[in-house]
Amino acid sequence: MNAPDTFVARAPSRAARLRRMLTSDKLEFMMEAHNGLSARIVREAGFDAVWASGLAISAQYGVRDNNEASWTQVVDTLEFMVDASDLPILLDGDTGYGNFNNVRRLIKKLEQRGVAGVCIEDKQFPKTNSFIGGERQPLADVDEFCGKIKAGKDSQGDPDFSIVARVEALIAGWGMDEALRRAEAYHAAGADAILIHSKLARADEIVAFAREWAHRAPLVIVPTKYYSTPTQVFRNAGISVVIWANHLIRAATSAMQAVAKEIHDSETLVGVEDRIASVNEIFRLQGADEYSAAERVYLTARAPRTALVLAASRGRGLEAVTAQRPKVMLPIAGKPLLRWLVDGFKKQGVNDITVVGGYRADAIDTAGIRLVVNERHETTGELASLACATQAFEHDTVISYGDLLFRSYILHDLVESDAHFCVIVDSSQTQPTNQSVRDFAYCSSGDDRGLFGQKVVLRRVSSEATAPDGTAPHGRWIGLLGVRGEGREKLQRIFATLRERGDFDSLDMPALLNALVDAGEQIEVQYVHGHWRGVNDLDDFRRAADFAHTQVPIAEASAGGGND
């Protein structure tokens, strides 16, 4: 037996919603918008429809309301407005941008972009704004304008698409009888509503027109000049729709003028910052949250997207050069050590970078990073610093010491690894060469230097260059750990266990690696043979510049950028 069909009600189209407003038995309102941002603001304010004002759209282009913005530019603007707001949009279509054929093409393009209706006025193309010498502006021939209306109605594909005919007879000084005659002719030609326009400061002639019109078709008004008229007067007169026609562009203009002037005169932002929308509010109106949510859905298979840099120490053995700055801000070949590290991450698409500072954290350049501070850096170790930034594990993460320089392929290969845990081990360093060499790595097998070797996993990281059983280390962990996928949750679980230990404040990163191994987690090893450098003492600091120079772009080096 077949299941009965299920009826799913479809939401009314934008055009249907606009038509419902025009024919409603209550007074409806539309607010002007002129781009995507203002259209979204209109929606959030609670309005049910948008008036795409010709004056406002031309003004935001910086041109006159004399058809100086082409109709294709207007349609392009409307496309952004439709995308930004689900409200029906009624376009202020001037005279239709030409004759009957231009109107036909305009309406097809508007329907393609989801615009609900268009208002055209009975003046000649090109038009001038009605409030600029309106009494001197010639009106279109009635029959010719009726032809535009008929052509538009015949060409529309959606029966709910609305054409509003705007009568300019009162503006041009032709009198009430001519206004009524024209309105009746336009209604007979198929106009879905009549917009009667007036430039007087009182609504007397609008109310008189409405009384004579006697509800023959929906009536729309634009009370820009007679704004002080109580809204109840419009209800009593039987008006269908009130359009607030240009107030957002005017509000934006006065606000921008005031802010620009104040910033110019004061040469500071202090006086205006608290009175303007925050950058985060602009991000919200742009839909940044939706993009972030989509990014989590569609980019989940990508490489680690965050980095966590441990940079709280002053640097033992570097006291002579770190009196005024932490180790990560030491200059290496023309830029701070931290900037080399940050630039390296960003080149691999890792743009969300958290740096844990401590000693002289106030001197850390925060451009392009998020800085958190381990306030107890003088008495705690690396894991205490890591605890200050555990939010980084919301995404696949690279944990890095803050004193590293390395070739780009090292980070690239780490980021591309699909292992839950992955470390970089330098197989060329198996014996201590100075007091700064530590973190010896004991692995499941050594580096055979082959292109395709067997999978190698970490067994232990130790400061001892010889294991208790007498075996030698397989290399040195350089201070890079990649955490991916399920590894993030596993690391946080092990980390929480370590935090319960009484000696937690003294623990370093090798303690975390060893705890993961002891818990049965496999940490993949990627071997390198040199191609990196740590800055742990003055000798390392002096040698770091030579290493960094080899990473200067060729064009810069040939232009003299390779010398200090």
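Looking at an unreviewed UniProt entry, one finds the protein chain named phosphoenolpyruvate mutase and attributed to Mycetohabitans rhizoxinica. In UniProt, the protein chain has this text filed under Sequence similarities (unreviewed entry): "Belongs to the isocitrate lyase/PEP mutase superfamily. PEP mutase family."

Student: Looking at this structure, I do not really get the overall build of the protein chain. What am I missing?
Tutor: Scanning the protein chain from terminus to terminus reveals 19 helices and 21 strands. The C-alpha radius of gyration of the protein chain comes to 35 Å, more than 25% above the 24 Å expected for a compact globule of 564 residues. For the C-alpha atoms alone, the extent of the protein chain along its principal axes is close to 110 × 80 × 50 Å. Split into buried and exposed, the 564 residues of the protein chain put 49% on the buried side. Within the protein chain, residue pairs in contact and separated by at least 24 positions form 72% of the contacts whose partners lie at least 6 positions apart. Summed over its atoms, the accessible surface of the protein chain is roughly 27,800 Å², and 50% of this surface lies on carbon and sulfur atoms. Distance from the positive charge centre (63 side chains) to the negative charge centre (76 side chains) of the protein chain: 2 Å.

Student: Please explain the nonpolar core as it appears in this structure.
Tutor: Within soluble globular proteins, side chains that are nonpolar tend to cluster in buried spots. Formed by 68 residues in total, the largest nonpolar core has its most connected members in Leu386 and Met509. With seven residues, helix H17 (residues 509-518) is the single largest residue contributor to this core. With 58 residues, the next largest nonpolar core counts Val74, Val82, Leu91 and Ile194 among its residues.

Student: Just checking my understanding: could you explain the side chain of aspartate 192 for this structure?
Tutor: With respect to the secondary-structure elements, aspartate 192 resides in the loop between helix H7 (176-189) and strand E6 (193-196). Polar side-chain contacts of aspartate 192 include one of 3.0 Å to the side chain of arginine 19. Residue contacts for aspartate 192: discarding those within four places in its chain leaves Arg19, Lys153, Phe161, Ser162, Ile163 and Pro218.

Student: Looking at this structure, how should I read the packing of helix H2 (residues 36-45) against helix H11 (residues 279-286)?
Tutor: Any two packed helices are characterised by the angle at which their axes cross and by the distance between the axes. Where H2 meets H11, the axes come as close as 10 Å, and the angle between the chain directions of the two elements is 85 degrees. In terms of orientation, H2 and H11 fall into the roughly perpendicular class. Where H2 abuts H11, its residues Leu37, Arg40, Ile41 and Glu44 lie against Arg284, Leu285 and Gln286. Partitioning the contact of H2 with H11 into residue classes produces three nonpolar, one polar and three charged.

Student: How do you make sense of the sheet that holds strand E8 (residues 241-244) when you look at a structure like this?
Tutor: Strand pairing within a sheet occurs via backbone hydrogen bonds; the two strands may be parallel or antiparallel. Judged by pairing direction, the barrel is parallel, and its eight strands sit side by side in the order E1-E2-E3-E4-E5-E6-E7-E8 before closing back on the first. The sheet shows a mean angle of 25 degrees between the axes of neighbouring strands, taken without regard to direction. Relative to strand E2 (residues 50-52), strand E1 (residues 28-33) runs parallel, the two being bridged by three bridges. Bridging from a neighbouring strand, methionine 31 pairs with valine 50 of E2. Relative to strand E5 (residues 162-167), H7 is tilted by about 165 degrees, and along the sheet it contacts E5 and E6.

Student: Got a minute to help me understand the pairing of strand E16 (residues 421-426) in this structure?
Tutor: Counting buried residues along E16, six of its six residues qualify, which places the element largely inside the surrounding structure. Sheet topology note: the E16/strand E19 (residues 475-483) ladder contains five bridges and is antiparallel. Each residue of the ladder has a partner; that of valine 425, found in E19, is tryptophan 477. Sheet topology places E16 next to strand E20 (residues 524-528); five bridges connect them, and they run parallel. Paired with isoleucine 424 across the two strands is glutamine 526, which belongs to E20.

Student: Would you take a moment to explain the UniProt feature "domain: MobA-like NTP transferase" (unreviewed entry) in the protein chain for this structure?
Tutor: Taken from the UniProt record, the annotation "domain: MobA-like NTP transferase" (unreviewed entry) applies to residues 307-432. Taken end to end, residues 307-432 has its terminal C-alpha atoms 29 Å apart, with 20% of it in helix and 26% in strand.

Student: Before we go on, may I ask you to explain the environment of arginine 284 in this structure?
Tutor: Inspection of the secondary structure puts arginine 284 in helix H11. Separated by 2.8 Å, the side chains of arginine 284 and glutamate 44 make a polar contact. Among the polar contacts listed, one links the side chain of arginine 284 to the side chain of glutamate 281, at a separation of 2.8 Å.

Student: Would you mind going over the packing of aromatic side chains with me for this structure?
Tutor: For any pair of aromatic rings, the description consists of the separation of the ring centres together with the inter-plane angle of the planes. Evaluated as defined, the whole model comprises six aromatic pairs. Arranged with centres 5.9 Å apart and planes meeting at 15 degrees, the rings of phenylalanine 209 and tryptophan 213 form a pair that is stacked. Taken together, the positions of phenylalanine 209 and tryptophan 213, both in helix H8 (residues 204-213) and four residues apart, correspond to about one turn of that helix. The pair formed by phenylalanine 209 and tryptophan 213 is uniform in burial state, with each residue classed as buried. Above the ring of tryptophan 340, the side-chain terminus of lysine 335 is found at 4.1 Å from the ring centroid. The ring centre of phenylalanine 547 lies 3.9 Å from the NZ or CZ of arginine 407, which sits over that ring.

About the thresholds
- Residues numbered from 1 in each chain as written.
- Predicted model: local features only at pLDDT ≥ 70, side-chain atom pairs only at ≥ 80, totals over all residues.
- Heavy atoms only, no water.
- UniProt positions renumbered as here; feature names shortened; annotations may be inferred.
- Helix = DSSP H or I, 4+ residues; strand = E, 2+ residues; numbered from the N terminus.
- Rg over C-alpha atoms; globule rule 2.2 N^0.38 Å.
- Buried < 20%, exposed > 50% of the residue type's maximum accessible area, 1.4 Å probe, protein only.
- Contact = heavy atoms within 4.5 Å.
- Areas by Shrake-Rupley, 256 points an atom, 1.4 Å probe, with all protein chains shown as cover.
- Lys, Arg positive; Asp, Glu negative; His and termini not counted.
- Charge placed at Lys NZ, Arg CZ, Asp CG, Glu CD.
- Core = buried A, V, L, I, M, F, W, Y, C linked by side-chain atoms within 4.5 Å.
- Polar contact = N/O pair within 3.5 Å; in protein donor to acceptor, adjacent residues only side chain to side chain.
- Axes fitted to C-alpha atoms, helices over the stretch in contact; angles between N-to-C directions.
- Parallel < 35°, antiparallel > 145°, perpendicular 65-115°, else oblique.
- Nonpolar A, V, L, I, M, F, W, Y, C, P; charged D, E, K, R; others polar.
- Pairing = 2+ DSSP bridges.
- Phe/Tyr/Trp six-rings, centres within 6.5 Å; stacked < 30°, edge-to-face > 60°.
- Lys NZ or Arg CZ within 6 Å of the ring centre and 35° of its normal.

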